[in-house]
Amino acid sequence: MAAPPPNPVPMAYIGGSGAVPVWLNKGDNAWQMISATLVGLQSVPGLVILYGSIVKKKWAVNSAFMALYAFAAVVICWVTWAYKMSFGHKLLPFWGKAGPALGQKFLINQAALPATPHYFSNGGLETAEIEPWYPMATMVWFQCVFAAITLILLAGSVLGRMNFKAWMAFVPLWLTFCYTVGAFSLWGGGFLFHWGVMDYSGGYVIHLSSGIAGFTTAFWVGPRAKKDRERFPPNNVLLMLAGAGLLWMGWAGFNGGDPYAANTDSSVAVLNTNICAATSLLVWTWLDVIFFEKPSVIGAVQGMITGLVCITPGAGLVQGWAAIVMGVMSGSVPWFSMMILDKRWKLFTKVDDTLGVFHTHAVAGLLGGLLTGLFAEPQLCTLFLPVTNSRGAVYGGSGGVQLIKQLVGGLFIIGWNLVVTSIICVVINIFIPLRMPEEHLLIGDDAVHGEEAYALWGDGETYDVTKHELSDGTSPHPIYPSSGATQVV
């Protein structure tokens, strides 16, 4: 009897069965699903916790629920029509053709982005179509959580006064007419993708767009109540840190998943992400100590976020030393815009950006995109980008042109979001008021949702005998039934 072949391949790694086709790379598929889960955890519960704790007590429930609702709404819109608008066949140079991503004939096939083949000027193929070694279902879900977190980040600009019903209308409209345009243009095979604009993981698609759109929406919604704007302390700093921690650790999937594979570039991206975030947090804290003589915990969280945002467009494209430089810049430039310009420039004082999303995401995102155009390392660029011979300005050659490309790409995202977000807000306001009525602004969660974060009578809650006073048999006030889930508890 013939001897078995040496070192046979284990059955678990042999492709060809129905659920394990020959093109499936189990390691890549596992990492991509883990990355998607990490990004999802950044939103739920990460930003749900962060928003619910960083705001004033009377807005804790409303703020957390805006994030939770947006996540759920985006999931349904994404698989129904928005995924293919972002990563499907080309309709316009900046938009894909809408269509559902729900049938098994589509979802179990090998993932592919049909608009991504890149050609030389003479018509020859420069880089092939992006075809990761896992099914479309993985790609659809991975990109879905990115779309969801973008809306949640945007919500940070309008916490504490946006009408929840208006928010319910805003989410699908903004996803459809703003997010899909940026995603297709830069990632899905649109004109900026083929021109060679670098956006590794969403410095422009996610952060610059959410920061500009959030600031624009805040302008149309109007400011918070005067009392809230003057004093808006977090209701739970420790819980805020828990949400921030989920955001930081989840960024391993945010940047590490974007090579669409568990490869060497993914490892570089994850390391650079943490280097830049740590540097930025330290620099922001040092600046707080130097100029305000107190290390602010909220400031440290802001510095962490700006570092994560700044490295995002270049996470797998720059070297470690460049990540440190980007961390220094992201800990100082957004700090200056938020702590100095925000209090001196009339536009910033007029527009009430609740959590300063413009500074932490728009400023840091654009800064990161420009610094990527400066520091992108040629060898790392070949591992990821469709345009060969791409490089940052410090490496000479075509690098100077790359910096111009980064600037133009950023200006496109800024202009589109300014105009289209404004149109969306104006249209919604015709049918649904964008801002809550004044009586709701005075009371907060109890008026809007009939629920409260804590079973305490506090700021923003009006005295109500039916809830704050119960009869003990001797009081002239009768016992009234409780209302709202929190009151029942």
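Residues numbered from 1 in each chain as written. Predicted model: local features only at pLDDT ≥ 70, side-chain atom pairs only at ≥ 80, totals over all residues. Heavy atoms only, no water.

Asker: Which residues make up the packing of aromatic side chains, and what values do they have?
Answerer: The description of an aromatic ring pair uses the distance of the two centres, along with the angle that the planes make with each other. Counting across every chain of the model gives 28 aromatic pairs. Taking the centre distance of 6.2 Å and the plane angle of 90 degrees together, the rings of Phe-146 and Trp-187 count as edge-to-face. A residue pair is termed long-range when its members are at least 10 positions apart, and Phe-146 in helix α4 (residues 136–155) and Trp-187 in helix α5 (residues 164–188) qualify at 41 residues. Classification of Phe-146 as buried rests on a relative accessible area of 0%. Plain terms: the ring middles of Phe-348 and Phe-358 are 5.3 Å apart, the flat faces sit at 55 degrees to each other, and that makes the pair tilted. Remark: Phe-358 occurs in helix α14 (residues 357–375) and Phe-348 occurs in helix α13 (residues 346–350); sequence separation between them is ten residues. Since its relative accessible area comes to 5%, Phe-348 is described here as buried. Overall, Phe-358 belongs to the buried group, its relative accessible area being 17%. Members of the aromatic cluster, joined through ring pairs, are Phe-94, Trp-95, Phe-177, Phe-191, Phe-412 and Trp-416. Between Lys-84 and the ring centre of Phe-106, over which it is positioned, the NZ or CZ distance is 4.4 Å. The ring of Phe-232 has Arg-224 lying over it, and the distance from NZ or CZ to the ring centre is 4.5 Å. (Phe/Tyr/Trp six-rings, centres within 6.5 Å; stacked < 30°, edge-to-face > 60°. Helix = DSSP H or I, 4+ residues; strand = E, 2+ residues; numbered from the N terminus. Buried < 20%, exposed > 50% of the residue type's maximum accessible area, 1.4 Å probe, protein only. Lys NZ or Arg CZ within 6 Å of the ring centre and 35° of its normal.)

Asker: Residue-level account of the environment of Val-22, with values.
Answerer: Relative to the assigned elements, Val-22 resides in the segment before α1 (26–54). With a relative accessible area of 70%, Val-22 lands in the exposed category. Along the chain, Val-22 and Trp-133 lie 111 residues apart, while their C-alpha atoms are 9.5 Å from each other.

Asker: Now, about helix α10 (residues 264–292): what can you tell me, with residues and values included?
Answerer: Its 29 residues give α10 an end-to-end C-alpha distance of 42 Å, which sits within 8% of 42 Å, the value for a rise of 1.5 Å per residue. Between the side-chain oxygen at the start of α10 and the backbone nitrogen of Asp-265 there is a gap of 3.2 Å, and the oxygen is on Asn-263. Where α10 ends, the next residue or the one after it, Glu-293, has phi of about 65 degrees, a positive value. (Expected span 1.5 Å × (residues − 1). Polar contact = N/O pair within 3.5 Å; in protein donor to acceptor, adjacent residues only side chain to side chain.)

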